[in-house]
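Per-entry structural report
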Amino acid sequence: MPLRLTKILLLCLALAGLFCMARVNFNLGSGLLLSAAALALYILPWKLDPLTERKLKRFRDIKRGYYSFIFLVALAILSLFAELFANGRALVVKYDGDYFFPTYSSTQLGHTFGLTGRDANSPVNYRNLREHFREQDNGNWVIMPIIPYSPNENITYDGILRPQPPSWEHQHYLGTDSTSRDILSRLIYGFRIAIYFSLAFMLMVYLIGIAVGCLMGYFGGWFDLLVQRMIEIWSLVPFIYIVIIIFSVVPTGFSVGTRIGILLLIMVLFSWTGMTYYMRTATYKEKARDYTAAAQVIGASTARIIFHHILPNAVSTLVTFMPFTLAAAVTSITALDFLGFGLPPPTPSIGEILKQGTARLDGAPWIVTSAFFALVFILTLVTFVGEAVREAFDPRKFTLYR
Amino acid sequence: MIMRIPSKFSLTILLASVLLLSGCGDRGDGLGEAHDIGPEIEEHYATFKHIPPEWNERLASGEWSQEEFDEQVEHLPNFFRFASIEDLPSDLEWEDGMDLPEFGSPDAIKGGTSYGALQDFPRTLRHVGPDSNGSFRPMLLDDVTLGIAERHPNETDIGPKGFHHYPGLGKEWAIDLDSQTVYVRLNPEARWSDGEPVTADDFMFMFFFFHSPYIQAPWYNNQYAENFTGITRFDEHTIAIHVARAKPDLATRALGLRPISKHFFDELGPDFVQRYQWRFQPTTGPYVVREEDIRRGRSIALTRLEDWWAKDLKFWRYRFNYDRIQFNVIRDTSNMYESFRRGDLDKSGLVNLPEYWYDRLPDDHDLVRNGYIQKVQFYNEIPRPTYGLWINQAQPLLNNRDIRIGLHYATNFERVIAEYFRGDYERMRTTSDGYGDFSHPTLTARPFDVDKALEYFAKAGFERRGSDGILVNESGRRLSFTVTTGYRHFEDLLVILREEAARAGVDFRLDILDGTSGWKKIQEKNHEIAFTAFGTFPEMYPRYWETFHGVNAYDDPYLPDGSPNPDREVMVQTNNLVSMANPELDRMIDRYRRSDDVEEMRELAFAMEELIHEEGPFIPGWVQPFYRMAHWRWIRYPHDFNVKISSGAGQYFLDWLDPDIKAEVEQARREGRALEPGRVIYDQFRGD
């Protein structure tokens, strides 16, 4: 029964990934990654061994962690459709008997909806269009999302760009930032970028970390020593300075997407080392066991022994680290943004709002509170999941010999 | 076994890294032997001549052969001339400017420490050479040292001999317009901060110094070789400066010269940049930087000389009142503001930004209402800094005029001024606003207009909007440009420009760097569009050569027929940020630089502005006809606050600290007692 729920979730995830891919201006890579991973998990025959099933059951029994997990996944999936909730573009426009769905279509110019003069050749401002249609009152209408603002729009309602306090009337539920951009809208998009950035970061770090760690543990000897020393040197390089240095030479001509990709790569490049040591130890341990020797005696290939025998046994310890890696990634991207070395402006991000907020502690406290609570909320959820996973996978309760 | 191998292994690594490190050499632990500059000075004094630029042109164009040229040069007088006091013409009209009104307040109290903040620690203490032109230099040179005579900051009209001057290092001077010479009698009392007297030799050496390639400052090399034909030494305290062109501001150019201390730079040589990087050079002004006050990256302080030679002289006696001026580096603007609010900093210019003026330190703020902090808005009358977008025409697409004009119409400075600056500022009209009669009377910046922008972009082949609304041409190139700036505090403003430009189908990618690296990138001409401004100072007429002449854009801008040279290389480290190379404009700039006639120069200036407007390399931003600042009550200013041509409240050092008021404010704050709020607006110099 719960398995079915998981499968449904996975299917949703796969569809969401595909959906992202279909849209060019969202990060193509992460969409692809997501849908491939989810589809693979969905299609593969899920014959869980009893032990894993028991662990999962235990995880589900830890209610706080389990519901946090469901909630987090739901938020992540919903955020993929953020354009439907927080957007300056309308959901539906009815104009002269035709229906338009501008959310995901390409930019519409004013003349499409019969606007004239200065607005004819500009991209449509749907909020104004809504008012315009209301005034005209001839059967045309516009439905706007709940938060009718895109994250980068500067909207004034008193003619001056400055922080505005939260207001239901103006649909700025968390107020606006120092140049009158909607904070909630920026938080939603900032969350989306942060969470998928962190997921991609985690996947890549684990991929490299597990591969290298496994090889070190399995081959041992000189190879192990050499890689250990390399890792020691490598991990001494101060990560934050490298990010700052590299980012100062990355041509700004690159698109925002590319720059985010580069940032991801740099972060991965300096973060994979931590995982290798756990993996190396686990592999050493497993390699010394009888079943590995048996496999060797039978004549199994190195690849088969690593992937089929050792990895499944060694990897269970790593699973418990995953949520914490995710939390660390969210924190570091926020920190980098806060320092001004993260995502290029005007990309919405929690760190950037936090920076604005700390600069405006007097006079505009809603900026910093919004960002602070959003960050705490996300990190708390992730930590709950992490604690539950750790408890559920605690090896002191289960051991596995194959 | 397992223990042994790794230790051996890491030993190898250790050895290898030691070897690697030792390979890096011992750079930095001192410079070599000091260069002996003496013979070079003598050689230079004996041989250097000012060669009129047009002679070089004649040689280059083949009108003169090398022999003819050499012969002509042979007959030129030497740049450095030695005469005796008897040779001084006797019919000179000497003036000393002592009848001009004094400025500053006789109530000023000497003493105390003023606390200020820097956003960036100065890169060097040198006045010239790489990295020297930073925001701290005014504290070392421009605002605190003395020229022969200085332009009077309140009497700004143009008289028959140019501006009015009050005496500095000069005791008196005589301006001979016919021979383009300014005769000067130096004040024999004038002393360097190390006690040495200021003499004619320091002025001779000044020219040698600025001609020298060692200082790595081509602008100065050029300026001091081209604008002056020579200097004559009559005796220890009498000199004459010969100016190359009879420009209307001839006297100001000569009288504004600031000598260079000869005895200090006797180690001038190829290692000048490193050798003098952190050495405070002797000053004629009241403030020195002591070795122990330089805490690199953290703080720096100016200390007043107890026995400054000019401390009792008219025009100088009521200024430079603090004993010590301490600058701490505070990189974050918010922290800087918080420091000011706490009273750690005495003054803040941050309120110049509307956000601070209206929202963060509003008039009904407790500190302001109670009179502890006073807000000041002072209308000045000076050439305006050129805030705007400088389009680098050496970049692809931006070399297309239609794209540039489209960008003009796609840049919504009107919205920035109205909504971000709250309508306080005005749209800049040309590259030279605020020069009075020299500013173009009718030209205005192109307004934001999506339709016109689209029309021009369409002419350049950008007709279709992509799915994100940004224009795309036939070959799929997006209409997207990087806007580079070193002004972090204007990030929000650029974000607005970016969002507005997107309406017209242009994508501005923002490249927001810290001040130093932003300016470096722009100086290296690595920008597509730069958002920056040139600081201006009260000159008689605007400059065009630096920012728009072809020789500052490319090494070899044109082919002989005047068409662009396909092999030309971009000139870096010049102020031609727009890579403007237009033969017609160059000709006008050359004429303008040679002209001595105010009327002709004005016409040329207008014609050049029109051409620049037509070509569109510069999108004018805004001008601010005033400056604003806030200060704690214990900082006092003269009753009319400041002088007409001041660009900031601190420039003329007219303020002082009143310890009694400081005690009073502190007591009032403890008791929660309100004091009388101060005057806010000083508009005696407000224009129309």
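Residues numbered from 1 in each chain as written. Chains lettered and ligands numbered in written order. Predicted model: local features only at pLDDT ≥ 70, side-chain atom pairs only at ≥ 80, totals over all residues. Heavy atoms only, no water.

**Observations regarding the overall build of chain B**
When helices and strands are counted, chain B shows 21 helices and 27 strands. Its C-alpha atoms give chain B a radius of gyration of 28 Å, near enough to 26 Å, the size a compact globule of 688 residues would have. For chain B, the spread of C-alpha atoms along the three principal axes comes to 90 × 85 × 80 Å. Here chain B, with 688 residues, has 57% of them falling under the buried criterion. The long-range fraction of contacts in chain B, counting pairs at least 24 apart against all pairs at least 6 apart in sequence, stands at 73%. The distance from the centre of the 78 positive side-chain charges to the centre of the 114 negative ones in chain B is 7 Å. (Helix = DSSP H or I, 4+ residues; strand = E, 2+ residues; numbered from the N terminus. Rg over C-alpha atoms; globule rule 2.2 N^0.38 Å. Buried < 20%, exposed > 50% of the residue type's maximum accessible area, 1.4 Å probe, protein only. Contact = heavy atoms within 4.5 Å. Lys, Arg positive; Asp, Glu negative; His and termini not counted. Charge placed at Lys NZ, Arg CZ, Asp CG, Glu CD.)

**Digging into the domain arrangement of chain A**
Residue and element names in this part refer to chain A. Partitioning chain A into structural domains gives domain 1 (2–77), domain 2 (89–144) and domain 3 (184–392). With 16 residues of domain 1 in contact, the opposing surface of domain 3 contributes 16 residues. Here domain 1 packs against domain 3, burying approximately 1,700 Å² in sum over the two surfaces, 76% of which is carbon and sulfur. Counting across the domain 1 and domain 3 interface gives two salt bridges. The salt bridge partner of Glu391 is Arg58, with a shortest N-O separation of 3.5 Å. Between domain 1 and domain 3 we count three residue pairs in polar contact (both at pLDDT 80 or more) in total. When residues of the side of domain 1 that touches domain 3 are traced back to their parent elements, those giving at least two are helix H2 (28–43), helix H3 (50–61) and helix H4 (63–80). In terms of residue count, H4 provides more of the side of domain 1 that touches domain 3 than any other element does, nine residues in total. Taken together, the residues that form the side of domain 1 that touches domain 3 break down as 11 nonpolar, two polar and three charged. (Domains from an automatic or database assignment. Buried area = accessible area lost by both parts, 1.4 Å probe. Salt bridge = Lys/Arg side-chain N within 4 Å of Asp/Glu carboxyl O. Polar contact = N/O pair within 3.5 Å; in protein donor to acceptor, adjacent residues only side chain to side chain. Nonpolar A, V, L, I, M, F, W, Y, C, P; charged D, E, K, R; others polar.)

**A word on the sheet that holds strand E3 (residues 141–143) of chain A**
Residues and elements named next belong to chain A. Taken together, the three strands give an open sheet; going across it, the order is E2-E1-E3, and neighbouring strands pair in antiparallel fashion. Since the sheet does not close on itself, it has two edges, and those belong to strand E2 (98–100) and E3, each with one partner. Geometrically, the sheet is characterised by an average inter-axis angle of 15 degrees between neighbouring strands, direction not taken into account. Where strand E1 (residues 92–95) meets E2, three bridges bridge the pair, whose relative direction is antiparallel. Bridge pairing in E2 places Tyr95 opposite Asp98. (Pairing = 2+ DSSP bridges. Axes fitted to C-alpha atoms, helices over the stretch in contact; angles between N-to-C directions.)

**What about the pattern of salt bridges?**
All names here are of chain B. All told, the structure shown has 61 salt bridges over all chains when counted by the stated rule. Across the pair Lys161 and Glu93 runs a salt bridge whose closest N-O atoms are separated by 3.9 Å. Pair noted here: Lys161 is in the loop between strand E4 (149–151) and strand E5 (165–167) and Glu93 is in the loop between strand E1 (80–82) and strand E2 (94–95), with a separation of 68 residues, a long-range link. On the basis of relative accessible area, Lys161 is assigned to the partly exposed category, the value being 25%. Assessed through its relative accessible area of 59%, Glu93 is described here as exposed.

**Focus on the packing of helix H6 (residues 183–219) of chain A against helix H9 (residues 256–269) of chain A**
Residue and element names in this part refer to chain A. Contact geometry of H6 with H9 gives a least axis separation of 10 Å together with a crossing angle of 40 degrees. One finds that H6 runs oblique with respect to H9. Judged by the sense of rotation from one axis to the other, the crossing of H6 with H9 is right-handed. Contacts between H6 and H9 involve Phe197, Ala200, Phe201, Met204, Val205 and Ile208 from the first element and Ile260, Leu263, Leu264, Leu265, Met267 and Val268 from the second. (Parallel < 35°, antiparallel > 145°, perpendicular 65-115°, else oblique. Left-handed = near helix turned anticlockwise from the far one by under 90°.)

**What to know about the environment of Gly129(B)**
All names here are of chain B. Looking at where Gly129 falls in the secondary structure, it is placed in the loop between strand E3 (113–118) and helix H5 (137–140). Classification of Gly129 as buried rests on a relative accessible area of 13%. For the pair Gly129 and Phe272, spaced 143 residues apart in the sequence, the C-alpha separation amounts to 8.8 Å.

**Structural notes on helix H13 (residues 401–410) of chain B**
All names here are of chain B. For H13, the tally of buried residues reaches nine of 10 residues, placing the bulk of the element in the interior. Of the positions making up H13, those classed as buried are Asp402, Ile403, Arg404, Ile405, Gly406, Leu407, His408, Tyr409 and Ala410. Structurally, the start of H13 carries an N-cap: the backbone nitrogen of Asp402 is 2.8 Å from a side-chain oxygen of Asn400.

**Brief notes about the interface of chain A and chain B**
Counting residues at the interface gives 33 residues for chain A and 40 residues for chain B. Summing the contributions of chain A and of chain B, the shared interface buries around 3,100 Å²; its carbon and sulfur component is 52%. On the surface where chain A and chain B come into contact, there are two salt bridges. Note that Arg162(A) and Asp359(B) form a salt bridge whose closest N and O atoms lie 3.4 Å from each other. Remark: the boundary between chain A and chain B carries 10 residue pairs in polar contact (both at pLDDT 80 or more). In terms of residue count, the dominant contributor to the side of chain A that touches chain B is helix H7 (residues 221–236) of chain A (five residues). Of the residues assigned to the side of chain A that touches chain B, the class counts are 12 nonpolar, 13 polar and eight charged.

**Some details on the domain arrangement of chain B**
All names here are of chain B. Split by domain assignment, chain B resolves into domain 1 (38–304), domain 2 (338–380 + 628–682) and domain 3 (388–623). A C-alpha centroid distance of 37 Å is found between domain 2 and domain 3. Taken together, the contact pairs eight residues of domain 2 with seven residues of domain 3. Its largest share of buried area at the contact with domain 3, domain 2 owes to Leu353, Pro354 and Tyr358, together 56% of the area lost on that side.

**Focus on the side chain of Asp337(A)**
All names here are of chain A. In this structure, Asp337 sits in helix H13 (residues 322–339). The side chain of Asp337 sits in the buried core without any salt bridge; Lys355 is the nearest counter-charge, 7.9 Å away. Residue contacts for Asp337: discarding those within four places in its chain leaves Gly342, Leu343, Ser349, Gly351, Glu352 and Lys355.

**Thoughts on the nonpolar core**
In terms of nonpolar packing, the biggest core is built from 165 residues, with Phe207(B), Phe209(B), Phe272(B), Leu407(B), Phe457(B), Leu493(B) and Phe531(B) touching the most fellow members. The element that contributes the greatest number of residues to this core is helix H6 (residues 200–211) of chain B, accounting for nine residues. Each residue touching Phe457(B), except ones within four places of it in the same chain, is listed here: Ile403(B), Gly406(B), Leu407(B), Ala410(B), Phe462(B), Leu471(B), Leu479(B), Ala504(B) and Val506(B). One finds Ile242(A), Phe247(A), Met279(A) and Ile353(A) within the second-largest nonpolar core, a separate group that totals 60 residues. (Core = buried A, V, L, I, M, F, W, Y, C linked by side-chain atoms within 4.5 Å.)

**Side note on the packing of helix H8 (residues 239–249) of chain A against H9(A)**
Residue and element names in this part refer to chain A. Between H8 and H9, whose axes approach to 10 Å, the crossing angle comes to 150 degrees. By the angle between their directions, the pair H8 and H9 is classed as roughly antiparallel. Here H8 and H9 pass one another in a crossing that is right-handed. Of the residues in H9, those in contact with Phe239, Ile242, Val243, Ile246 and Phe247 of H8 are Arg259, Ile262, Leu263, Ile266 and Met267.

**Overview of the pairing of strand E6 (residues 170–176) of chain B**
Residues and elements named next belong to chain B. Of the strand pairs in this sheet, E2 and E6 are connected by two bridges, and their pairing is antiparallel. Bridging across to E6, Glu95 finds its partner in Trp173. When E6 meets strand E7 (residues 181–186), the two strands line up antiparallel, connected through six bridges. Looking at the pairing, Ala174 lines up with Tyr183 of E7.

**Focus on the environment of Arg181(A)**
With respect to the helices and strands, Arg181(A) occurs in the loop between E3 and H6. Its relative accessible area of 2% is what places Arg181(A) among the buried residues. Taking the C-alpha atoms as reference points, Arg181(A) and Pro50(A), separated by 131 residues in sequence, lie 52 Å from one another. For Arg181(A), the residues in contact, after removing those within four places along its chain, are Pro151(A), Asn152(A), Glu153(A), Asn154(A), Gly175(A), Thr176(A), Arg186(A), Pro346(A), Glu352(A), Gln356(A) and Val495(B). Looking at Arg181(A), its side chain comes within polar contact range of the side chain of Glu352(A), at 3.4 Å.

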